[in-house]
Structures are given as C-alpha cells and as structure tokens.
Amino acid sequence: MAKPLTPPVDPIVTSVIQHRLLAIVEEMGEAMLRTSYSQILNSSRDFSTAICDLDGRLVAQAEHVPIHVGALPYAARAVTAFFGDDIHRGDVFLLNDPYHGGNHLPDLTAFVPVFEGDRPRFWSINRAHQSDIGGATHGAYNAAATDIWQEGLRITPLRLYDRGAVRQDLLEMIATNVRHPRDFRGDLAAMIGSAHVGERRLLALAGEFGWPVTDAAIEAVLDGAERQTRAVIALWKDGVYRAEALLDDDGRGHDDIHIRASVTKRGSDLVIDLSDSHEEVTSFVNSSYPNMYSAVVVALSYLIDPQTPKNDGTFRPITVIAKPGTVVWANPGAPVTLATNHCAQEILEAIIKALAPACPERAMAGWGRRFRIAIQGKDPRADVPGGKPFIWHFFQARPGGGASPAGDGWPGAGEWQAAGGIKFGSLEVTEVRFPLFFRRHEFRPDSGGAGKYRGGPGGVVEMVVETAEPAVGNTAGDGVRYGACGILGGADGVPHRYTLYSNGQLPRAIKTKEVALVVRPGDTLVLESGGGGGWGDRTLRNPDAAARDVENGFVSKAGAES
C-alpha cells in the first residue's frame, strides 16, 4: 500500500508525539509487569508491547525483548487480513501461530483495535511468553517434537472478545488446553489490560493533537528513522560480506547446523541473503519466516545509533533473501519452538560477523547462548493433597553479554536475541513460590572471552530440588560445544556446562535438547552458563582493566596468566 499523503507537521510537535508514543508502549509494559501472574512475566519480563497500524507497520515499541518485535507486523497484518471489515470497538484478538506472524507457540499475542470514529486505525499489542501452552510436554519447549502439533496449541487469528463481551466458550477451550489454567487466565487478563492501556493512551494522544496532526507526526517519525538508519549505513564500506554461525546440533544426532549470511552493502541499502543456510531439520531449531525476519532486523538494530527509534522506517533499508525449506525459513508444520533463541541467535551472529569489517566501530561480539530447563513437579509445602503442581522455568545464571568497542560485555546479561530484556527472578521469591533451594548464585570466572574488551562472565547456580517425589525436567538450548563468538580478534566465550548430581549415581551432564529428565527429591543441579565473546586483540587490553578483572573475580589468576 502506498504511503499516505500527509501535511507537514511542526518538528517540535513531532518530537513530542514520538516521545508520547514511546511512553505509551512503556506504560503498557509497566501495567503488564504489575498485573501478570507467572514469574516468567512478572519477574523475568518475557513480554513485549507495541503499536502497529492496520497495514502492519510498526509505529512504536518498548525495548523489552527484541526478537518479538520484528515479527509483530506480520501478526498484525494477519489479523487485519483475516477479519477485514469485521473489526469493532471492544474486540480483542489473539494469535500465536508462527506461520501467521508469531515467533513460537508460547508467545501469545493480544490485539486491541484503536478507532478513529468508526474506522479502526491501529493495533495496541502485547506479546507475552506463556509458562505453558499445551502440547506433549510441560513448559512449551518439546525437544522431542517432530512437528508443530506436538509443541502446543496453535492459535491462528481469533476473536476472543466481541464488542466487549468475552466469548466464554473459546476462553474455556484455550484454558483447558494448558496445564495451569488459573495462571494462564491471569496472564491473559494482564495482557489484555495492558493492550487496553495502549488503546486509551493513544486515543488521548489523538484527542489532544487531533488525528490529522497525529498521523502526520507518525509519518514524520517513520521517515526520520529511515533517514537516520540510512545515514549510518552509508558510512560503511560498500561490498559483499559473508560469515557463518553454527548451532551445536539439532538434538537428533546431527552436529554443526550452519547459518550462512551474505550481506551486500551498497550506498544506504543492505541485501541480506540467508539462502545458503542448512536445510530444514526435524527439530525445534527451525524458524518460521516472521521469526527469521525479526532476527535480521534485530541485527541491524544493534549496528545503528541507539537513539534511533526502532520502527517500520528503521527497517526499510533492508532486503531479505531466504529459501523456503531451510532452517531459517521452514515449511509450515515444522517444529520451531526454540527458534526465538536458536536459530535466531545464529542469524544475528552470522550477519554481525559478516558486517564487522565494514563497521568495526559498531560490531559487538556474541552474547551467551540460551540453555533453559523447565521442571514440572509438585510442591509438598502446599496445603493440597499430594502437593500443588508447579512448572518452574530456569532464568537464573544468565550468560554473559558480548564485548563491543564501547567496553566490556555486561555480566549475566543474557542472550543476544534479548539483549538484557529478559531478567532473572529474585532467588528469595523463587524459593517462596517453588520447592527449590539455591546454595549459590554467582558469576562464573574465566567464562568471558578475552580481548581488548572482555566478554561478560556467565553465572553459576547450585540448586537443590526439595520435592517429595520425582519431578521431570525438559531442556531447550544450545552452546555446550560452541560458545559466544569473539569478534575482530577477540576470543569466544566459554560454553555452558550443566550437571545433575543425584545420590548414588555418577554426575550426569545435562543435554541442551532433551525431555523427561528425572529429577529426584534432594537432587542438586549445578548450572554454569557461558560468557560473552571478546572484542579485539587481548594484547591491547588496558593492564589496569586486566588487574580489576582478577580483583573482581571475573578472571582467575591462572586465567589472567594464560
């Protein structure tokens, strides 16, 4: 659709409206944080908020979880296309299907339409990771899945509220298909409430400035973001740049799943070609197109000025080329749940590694990879016969962030696709909510890659499971063989190491992709996460900084001497 013609608007008014839009999506996030039920949302903050127009153009987004955002326009377009003229005030729509603009099935998305008069104009959107979404295994990640139907409940564009009235039969059907319906209902209500906050605030903004001025300012914001992005890209050296990133495995005995990026930079345009990537696998490391596109625009976002808003205009300089049937663009029906982390993180890595020679002053090293475990069991402390069922997602001991020309990587910052947007929950609160005891939670020495600027250290958790009967763990992740990539001469971060200690048995290495891991009462898990990659030649590191590394325990004396 052609860009609408709008009158010029005062630059000061444009700036005010731009910042008001940012305030709206941030307030939506604060509402979500304070009203959601699950720890994965109210502590770890695994959600994102945004505003799109009815054509699916991203107007504003809060800086929550980057990988969510680039896929949201596809979801917005899918809902608009499906319902067309049948959209009304008070409606609420849901979607999670990765082949209709979702990232993966656990990321449920709520859409509230914002009306100008009788015409819907915008979507107020909340995308949030559910602690369970049904399927064959608890906690949404199913390493044994060979198709998407084994991963959870698929929701294509669906109307949950019709003119303000909930469709109770649909809500009951969805809640019945998840393992913890009470928490799901609470989280869903928080998502919808958050989206309604966005609706009210956007209507107030348009009421204050008028729709014509608001529309003109939005167009100016999008065009300004494009100009800022192109101005940065234009400074890079023209050429064709190539790089490769590798996943450890697909969980099916196949190692070295490759993602290859060929990036052509000409003027202020980037053509990113991923078509030489590994063929689709029978594993949840595949990605749908919207999730792949989101990873591409996240990579660009990390290379431009941080003050540039991330919206539709920002991503206009990019052309993406990919091949259906590859791991980055799987055919509909393939399992994809791990894709928000892997292969998304490898897409990021391949693109940034490729462009590093063109813009070394902007390229950062790799962040630690994802390795999570979800434990399902019963809490014997609860006043419930047999114990209260629980699902706990491991978010502690985050991996280290990658180093950059700005300095050392952040310790314990998390994975590249989230860039610190996902937090680890309070240990004390976790111990109150779940039958777990944390003996220690600390940084992991010598885990960050060496360089002129050092990668951030990962973490170590030693945790005792205090159930009265065996629990079951599922894992999902990567990075036991390959750590976070160093860049421009920096060293890679140290890979993950997860170990289960059970009385009377030898210590057992926990794999990154397995189901039905038996965790017995009193078992101890020692979970050591990888560090971030280093940036630049380590011989150029400031000696005072190296000494502080040892003093702070980020690097051991032996590590400093090696």
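Fair warning: this is a prediction, and the values are worked out from it, not measured in the lab.

Caption draft 1: Region of interest: the sheet that holds strand E13 (residues 388-393). Across the sheet, four strands lie side by side as E13-E12-E16-E19; this open sheet has antiparallel pairing. Where the open sheet ends on each side, the last strands, each with one partner, are E13 and strand E19 (517-519). For this sheet, the mean angle separating the axes of adjacent strands, direction not counted, is 25 degrees.

Caption draft 2: Expanded view of the environment of Ala-419. Looking at the element boundaries, Ala-419 is found in the loop between E13 and helix H10 (427-433). Ala-419 gets classed as partly exposed once you look at its relative accessible area, which sits at 25%. Measuring from C-alpha to C-alpha, the distance between Ala-419 and Leu-171 comes to 33 Å, with 248 residues separating the pair along the chain. Among all residues touching Ala-419, those that are not within four sequence positions of it are Pro-66, Tyr-302, Trp-367 and Trp-410.

Caption draft 3: Quick peek at the pattern of salt bridges. Summed over all chains, the structure comprises 44 salt bridges. When the shortest N-O distance is used, the salt bridge between Asp-478 and Lys-513 registers 2.9 Å. Note that Asp-478 is positioned in the loop between strand E16 (471-477) and strand E17 (497-501) and Lys-513 in the loop between strand E18 (508-509) and E19, a separation of 35 residues in sequence. You can call Asp-478 buried: its relative accessible area is 0%. Exposure remark for Lys-513: the relative accessible area of 9% places this residue in the buried category. Counted as one network, the salt bridges with shared partners bring together Asp-249, Glu-346, Glu-349, Lys-353, Arg-369, Asp-478 and Lys-513.

Caption draft 4: How the structure looks around the environment of Thr-467. Within the secondary structure, Thr-467 is located in the loop between strand E15 (459-465) and E16. Spatially, the C-alpha atom of Thr-467 lies 24 Å from that of Ala-143, the residues being 324 residues apart in sequence. Dropping the residues within four chain positions of it, Thr-467 is found in contact with Lys-378, Pro-380, Phe-390, Pro-435 and Pro-521. One polar contact links the side chain of Thr-467 to the main-chain carbonyl oxygen of Glu-469, over a distance of 2.9 Å.

Caption draft 5: Up close: the packing of helix H5 (residues 168-176) against helix H6 (residues 181-209). Interaxial distance between H5 and H6 falls to 9 Å at its minimum, and their mutual angle equals 130 degrees. Here H5 is positioned oblique relative to H6, judged by the angle of their axes. Residues Gln-168, Leu-171, Glu-172, Ile-174 and Ala-175 of H5 pack against Pro-181, Phe-184, Arg-185 and Leu-188 of H6. Grouping the amino acids of the contact of H5 with H6 by side-chain chemistry returns six nonpolar, one polar and two charged.

Caption draft 6: Molecular detail of the packing of aromatic side chains. The tally for this structure, following the rule as stated, stands at 16 aromatic pairs. Judged by centre distance (6.0 Å) and plane angle (15 degrees), the rings of Phe-122 and Trp-211 are stacked. Residue Phe-122 is found in strand E5 (residues 119-129), and its partner Trp-211 is found in helix H7 (residues 211-233); the two are separated by 89 residues along the sequence. Looking at Trp-211, the relative accessible area reads 13%, which means it is buried. Ring centres 5.4 Å apart and planes at 80 degrees place the aromatic pair Phe-443 and Phe-554 in the edge-to-face group.

Caption draft 7: The arrangement of the sheet that holds strand E6 (residues 158-162) in detail. Taken together, seven strands build an open sheet; the order of strands is E2-E1-E5-E4-E3-E6-E7 and the sheet is antiparallel. If you trace the sheet from one side to the other, it starts and ends with strand E2 (58-61) and strand E7 (165-166), each paired once. Looking at chain direction, E6 and E7 are connected through two bridges and run antiparallel. Bridge pairing in E7 links Tyr-161 to Val-166. Here helix H1 (residues 11-35) sits on the sheet and contacts strand E1 (47-53), E2 and E5; the angle it forms with E1, its principal contact strand, is near 140 degrees. Contacts between H7 and the sheet are confined to E2, strand E4 (107-116) and E5, with E5 contributing the most and set at about 50 degrees to the helix.

Rules used in this analysis
- Residues numbered from 1 in each chain as written.
- Predicted model: local features only at pLDDT ≥ 70, side-chain atom pairs only at ≥ 80, totals over all residues.
- Heavy atoms only, no water.
- Pairing = 2+ DSSP bridges.
- Helix = DSSP H or I, 4+ residues; strand = E, 2+ residues; numbered from the N terminus.
- Axes fitted to C-alpha atoms, helices over the stretch in contact; angles between N-to-C directions.
- Buried < 20%, exposed > 50% of the residue type's maximum accessible area, 1.4 Å probe, protein only.
- Contact = heavy atoms within 4.5 Å.
- Salt bridge = Lys/Arg side-chain N within 4 Å of Asp/Glu carboxyl O.
- Polar contact = N/O pair within 3.5 Å; in protein donor to acceptor, adjacent residues only side chain to side chain.
- Parallel < 35°, antiparallel > 145°, perpendicular 65-115°, else oblique.
- Nonpolar A, V, L, I, M, F, W, Y, C, P; charged D, E, K, R; others polar.
- Phe/Tyr/Trp six-rings, centres within 6.5 Å; stacked < 30°, edge-to-face > 60°.

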